[in-house]
Structure formats: C-alpha cells, structure tokens
Amino acid sequence: MSVLEAALRSDSALLSIAAAQERAEKLVARAVPGERAPLARLGGRVSAENVLSPTPLPPFDHSAMDGYALGGVGASFEVRGRLAAGDAGARAPLREGEAVRILTGAPMPEGAVAVVMQERVTRAGGRIVLNRPPAPGDNIRRRGEDVAAGDVIVPAGGRLDARHVAILAASGVAEIAVRRRVVVGLVSTGDELVRPGRPLGPGLIHDANRPMLAALLDQPAIEIVDLGVAPDDRPALTRLVSEAAARCDLIVTSGATSVGDEDHLAAAVMAAGGALELQRVALKPGKPVVAGHVGSTVLVGLPGNPFAALVAWLLVGRIALEKLAGMEPHPLRPLAAVAGFSQGGPGGRTEFAPARVIGAADNGLPVVEKLGRGGSARLAPLIAADGLAVIPAGRDEVRRGDAIGFLPFVAAAEL
Ligand SMILES: Nc1nc2c(c(=O)[nH]1)N[C@H]1C(S)=C(S)[C@@H](COP(=O)(O)OP(=O)(O)OC[C@H]3O[C@@H](n4cnc5c(N)ncnc54)[C@H](O)[C@@H]3O)O[C@H]1N2
Ligand code: MOO
C-alpha cells in the first residue's frame, strides 16, 4: 500500500475547508490561454486583458435634458437655433443673453453655462423667460466625466456580463481577449450506474451526478466533455483517466473516492502517472473529496453520494475551475443568518444542509429552517430549499436563534 493509499484509508486529521481551497488553487499552474471574442460572444466569458477605453465617455460635452442651453445667467433669453442629438455642433458660440433650443444628447454649444429644462421656462415668440434659473453647469454632461481615455473599463479576470458589454460598446471596442473555454471532462464511476432513460436491473441506480454536474457547468466559459461511466475496475478507470487527461484541462469524477474495496480512483490516478494532493476535507457531507494532477490536467474526485458531490464541488472543486478559467478564485461566502432549528453540533466538519428561509429575525437577518433529515444521498430536500444552511465545524450544539451561515443557490450557481 502506498503512503497515499495509507493516508486515504487512515482516519487521519481532516483538512480545513480553507486549506483545501488553497490547495485546490495551487493545483492550477496557469489559466487556459486567451483568444479574441466579439461583443456578441462575451456574456459569461472571462476577460484575459485589462481593456483600456480608447476614448473618453461621454466623448463630448452634451445636454442631459430637452430644454435650452443658456449663454449667461440672466432671466430672459433670445432663442437662436436648435441642436439635436447627432448634430455636429453649433455654428457659432452662444453670447450673453442668447439661448439655443437643445435636445437630450445634443453637443453643447460653446459659451453655454447651463441647460434649463423646457418645463421650467415660459416661451413667448422668439424669447424664453426662466421660471427657475439653473445653477451653472446644470444638465450638462461633461466629456470624460464617466470614463477618461485610457481608463481600465474592464479588468482582466472578470466574469463578463451585460454591464461589461455595455461599457465596451459605448467605448467603441468591438472585441477583446478572453480566456478560451475550459475543457472539463465529466466521469461517473460505478458498476451500478445506468444512464437516465434506460431501465434499471436489480441493484442498479440511475446516474445522477454526471447530469447534475453538466447542468452546473453549462456555462459559456466551459466546454463539457461527457466521458461516460467508468466501471469499478482499476485498469479501465486508469485508461479513462489517461485518455481524459490528454483532452481536458480539468477532469471531474464522482464516486470511488472512499475506502471501499471498489474505490479505485486514487490508484487509477497514480497508475496514470498522476498524484492526489488533496484529500479528506472537513466537509459534511463531502469529506472524501480528492484532487490532484494527471500530467498538466487537474483532477477533482467528488464523493459518490449526489448531495456530497454537490457540496464538495461548490466548496472545493469550483476553486480549481475558477483559477483555470482565469479568475481570481472566490470561495463562496455564506451570508449571516439565524437558525430556525436546534440540533447537536457537526463535530470537526462544517455541515451543509438544504434549508429554506422562513422569515426575518429582529436584527433583520434571515431565519432558516433545515429541510429533510440529513443524509448525503437525499435529493428531495434540495427541491424545496432556497440554499444551504452552514453550521461551522467545532460547534457543540445549535440552538434556535443562534448565528449560522446561509449559502443561497443563486450565488452558488455561477462560476
Ligand atoms: N467505511 C467508510 N465508508 C464510507 C466512508 C468512510 O469514511 N468510511 N465515507 C462515506 C462517505 S462520507 C461517502 S460520501 C461515500 C463516498 O464514497 P465514494 O466517493 O467512494 O462513492 P461510491 O462508494 O462510489 O458511492 C457512494 C454512493 O453514491 C452512489 N453513487 C455513486 N455515483 C453516483 C452517481 N453518479 N449518481 C448517483 N449516485 C451515485 C453509490 O451508488 C453509493 O450509494 O462513502 C461512504 N462510505
Ligand atoms: O460526507 Mo459523505 O460525503 O457524508 O456523504
């Protein structure tokens, strides 16, 4: 038995979640390389460069309102001409006592001190009288007040969404460097697994983990490779892991991580020339999660029980994926919440349990109730849950009203 196998099989001390996250990050030497992508393809991708605005925003001083640009600070003005959005600009500077009819977005004429909204003037023939004079500078949007030319408008390592696309488009940038999609291979292990849609024989169950992970990773920054089910057979699993390492940046397996006779993952990783550098994490459920390398490919081995696989992925696996994707890994941070239940403490592991928000405490924090009776194989409680209650390791007990953590599913869903 190798030292690693011995460590896996002993009841040695557990890695803290923070230590496991640090190791998961260190497993990744570098992010995947970059490529160029147009605006229409940026949603959900990760920027690979600090993008500088080639132009100030707004590019020229313009009116924020429909009204009149005023030359001077008087109470009555002679209206001379009209400026609309898209006009190149006024032919002559405004003089004291003159105003120009101006529409939102039109360039400010030289000499204008403010724009008055049309609702605040009385127009009589060719003149306006101000009901309420504006302060100097009112309703003028200045060139560069939003963005100066050369400002970083999109930082490297950000997950891009509509906000980033808006500022890039406004700056006239049509494409940027993004990380190429991370190729993630998904493998389920176990002789008992049957693809959903096929009938079950005696002793068999449907594979829930691979479809679950595929749904979780169905994101623009990721290309999923479905590697199917590996049997409980060391040579077959070794072959599959070797082949996957040649094609993928990250391999995510489930099952075969624990100490049973058919738990072959650690041995298969070693036989494929790899090594596990993370195992036994203080997670409840999810303790048997492992991670390591096969060549330059990172491998994350999730426990077989589906809820344990989900928790181990969210807390440990996704850290490696974020680093590969070119992001600064950001561990999920539970929100402050209040227990709506009482129970014994989780011992040396941090407990995650399906939970629902049932109200607000006097201090405004959400009160959460646990759903189901626990168990890393149960899925039904997740359906009625809003997220996961988080009970930190080391608590002796949890009493109704105690401070606990809460991880909403919405926060956990995205890379
Ligand atoms: N003696 C010990 N036994 C176990 C320990 C332990 O510390 N000592 N840990 C338990 C914990 S905790 C978990 S979690 C499981 C993890 O086991 P494995 O990762 O080795 O997973 P398997 O044994 O292959 O499967 C466990 C369970 O999950 C079902 N499974 C597996 N894959 C799937 C899938 N793709 N979809 C749905 N269900 C799946 C499998 O049939 C088993 O019922 O080990 C405990 N044992
Ligand atoms: O911790 Mo296991 O991961 O309970 O089911």
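For the chain, an unreviewed UniProt entry supplies the name Molybdopterin molybdenumtransferase and the organism Hansschlegelia zhihuaiae. Reading the Catalytic activity (unreviewed entry) entry of the UniProt record for the chain gives the comment "adenylyl-molybdopterin + molybdate = Mo-molybdopterin + AMP + H(+)". Reading the Cofactor (unreviewed entry) entry of the UniProt record for the chain gives the comment "Mg(2+)".

A. The arrangement of the pattern of salt bridges in detail. Within this structure, the stated rule accounts for 15 salt bridges. Between Arg36 and Glu49 there is a salt bridge, and its shortest N-O distance comes to 3.7 Å. Residue Arg36 is located in strand E1 (residues 34–38), and its partner Glu49 is located in the loop between E1 and strand E2 (51–52); the two are separated by 13 residues in the primary sequence. Among the salt bridges present, the one from Arg318 reaches Glu322, with a minimum N-O distance of 3.4 Å. Placement of the pair is Arg318 and Glu322 together in helix H7 (residues 306–324), with a separation of four residues, close to one helical turn. Residue classification places Arg318 among the buried residues on the basis of a relative accessible area of 3%.

B. Expanded view of the site of ligand 2. Taken together, Pro285, Gly286, Lys287, Pro288, Asn305, Ala308, Arg349 and Ser376 make up all the residues around ligand 2. At 2.5 Å from an oxygen atom of ligand 2 is found a main-chain nitrogen or oxygen belonging to Gly286. Separating an oxygen atom of ligand 2 from a side-chain N or O atom of Ser376 is a distance of 2.3 Å. The residue makeup of the shell around ligand 2, split by class, is three nonpolar, three polar and two charged.

C. Spatial organisation of the sheet that holds strand E13 (residues 182–189). What the six strands build is an open sheet, ordered E16-E13-E17-E21-E20-E18; its pairing is mixed. Looking at which strands have only one partner, the edges of the open sheet turn out to be strand E16 (222–230) and strand E18 (275–279). Between one strand axis and the next, the sheet turns through 20° on average, direction left out of account. As paired strands, strand E20 (residues 290–294) and strand E21 (residues 297–302) are joined by five bridges and run antiparallel to one another. Of the residues in E21, the one forming a bridge with Val294 is Thr297. Where H7 meets the sheet, its contacts fall on E13, E16, strand E17 (250–254), E18 and E21, and the angle it forms with E21 comes to roughly 170°.

Conventions adopted
Here the residue index of a chain counts from 1 through its sequence in written order. Here the convention is simple: chains get letters from A, ligands get numbers from 1, in the order in which they are written. The model is predicted, so local features are restricted to residues of pLDDT at least 70 and side-chain atom pairs to those at 80 or more, both for listing and for counting; the totals for chains, interfaces and linings are taken over all residues. The basis for every side-chain value is the complete set of heavy atoms in the structure, and neither hydrogens nor water enter the calculation. UniProt positions are given in the numbering used here, feature names are shortened, and annotations may be inferred rather than shown by experiment. One speaks of a salt bridge when a side-chain nitrogen belonging to Lys or Arg is within 4 Å of a carboxyl oxygen belonging to Asp or Glu. Put simply, DSSP marks the helices as runs of H or I at least four residues long and the strands as runs of E at least two long, and each gets a number from the N terminus on. The cut-offs for exposure are 20% and 50% of the maximum accessible area for each residue type, with area from a 1.4 Å probe on protein chains only; residues under the lower value are buried, those over the upper are exposed, and the others partly exposed. Put simply, a residue is near a molecule or strand once any heavy atom of it comes within 4 Å of that molecule or strand. Between N or O atoms, a polar contact is any pair within 3.5 Å; within protein, one atom must be a potential hydrogen donor and the other a potential acceptor, and residues adjacent in sequence are included only when both atoms are from side chains. Throughout, the ten residues Ala, Val, Leu, Ile, Met, Phe, Trp, Tyr, Cys and Pro are labelled nonpolar, Asp, Glu, Lys and Arg are labelled charged, and all others, Gly among them, are labelled polar. At least two bridges found by DSSP between two strands is the condition for calling them paired. Here, axes are lines fitted to C-alpha atoms. For helices the fit covers the stretch in contact, and angles between N-to-C directions go from 0 to 180 degrees. Residue contacts are defined here by distance: any two heavy atoms, one from each residue, within 4.5 Å place the two residues in contact.

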